[in-house]
Amino acid sequence: ARLAEGAAGAHNALRARGVEAGSRVAVRADNSPATVCALLALMELGATPVLLHPRLTEAEAQAQRDDAAPLLSLALDALPASAAAPAPHLWPDALPLAMLFTSGTSGRAKGAVLSRGAFLASALASAANLGWRDDDRWLLALPVCHVGGFSVLTRSLIARRCVVLLPRFDAAAVLASVVRDRATLLSVVPTMLRAL
């Protein structure tokens, strides 16, 4: 209920600032409840979040904003915490769901616009391969600004399952959270797996 209120508050505040279907909105996407509420609100509006890594320098973030040309850059702490929920809206699968930037290992990071249909297909394929249990709780320690972390959010949203959100990866914190928060799913990259 708190998540729904937070997303509704963000939705109404963004709509009041002119955000609509097709708008691009830059978000310094850290692994926080405020980020999740903002992303859910943007999804509901049909807008495209431009996910910027929170550890980018201001010059790096500005270069990515220049590339994406967003309508606005979102200050998460300026969004209200709660509001009445808006009426749900279904958007076409071809509409972009997010713009994420490549790692830039072979040059300048490039923005990749990914559709709602792509994330839906990924979620359905994951569900077909892994299945879901009623008590599943997906521990999210990957950065939400990367496709892996963002996919955990979308897959869990579609399946109506819990996400356990960690601010950042720390091997000891992940292992403690698995026990404390009863996590049943965990996505990691090889370096994280070695640390665990």
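Residues numbered from 1 in each chain as written. Predicted model: local features only at pLDDT ≥ 70, side-chain atom pairs only at ≥ 80, totals over all residues. Heavy atoms only, no water.

Engineer: Mind laying out the confidence of the model for the protein chain, listing which residues take part and the relevant values?
Structural biologist: Here the protein chain averages 93 in pLDDT, and 100% of its residues register 70 or above. When mean pLDDT is compared element by element in the protein chain, strand 6 (residues 137-140) scores highest at 98, while helix 1 (residues 2-16) scores lowest at 91. (pLDDT = per-residue confidence, 0-100. Helix = DSSP H or I, 4+ residues; strand = E, 2+ residues; numbered from the N terminus.)

Engineer: Tell me about the packing of helix 2 (residues 33-45) against helix 5 (residues 147-159), and please be specific about residues and values.
Structural biologist: In the contact formed by helix 2 and helix 5, the axes pass within 12 Å of each other and the chain directions differ by 65°. Between helix 2 and helix 5 lies a crossing whose hand is right-handed. Residues V36, L39, L40 and M43 of helix 2 form the contact with helix 5, whose participating residues are F150, L153, T154 and L157. For the contact of helix 2 with helix 5, a count of residues per class yields seven nonpolar, one polar and no charged. (Axes fitted to C-alpha atoms, helices over the stretch in contact; angles between N-to-C directions. Left-handed = near helix turned anticlockwise from the far one by under 90°. Contact = heavy atoms within 4.5 Å. Nonpolar A, V, L, I, M, F, W, Y, C, P; charged D, E, K, R; others polar.)

Engineer: I'd like a rundown of the packing of helix 1 against helix 2, residues and numbers included.
Structural biologist: If you want to describe how two helices pack, look at the angle between their axes and the distance between the axes. Following both chains from N to C, one finds helix 1 and helix 2 inclined at 60°, their axes separated by 8 Å at the closest point. By the angle between their axes, helix 1 is oblique relative to helix 2. With respect to the hand of their crossing, helix 1 and helix 2 are arranged in right-handed fashion. Side by side, helix 1 and helix 2 meet where L3, G6, A7, A10, H11, L14 and R15 of the first sit next to V36, C37, A38, L40, A41, L42, E44 and L45 of the second. Residue composition of the contact of helix 1 with helix 2, grouped by class: eleven nonpolar, two polar and two charged. (Parallel < 35°, antiparallel > 145°, perpendicular 65-115°, else oblique.)

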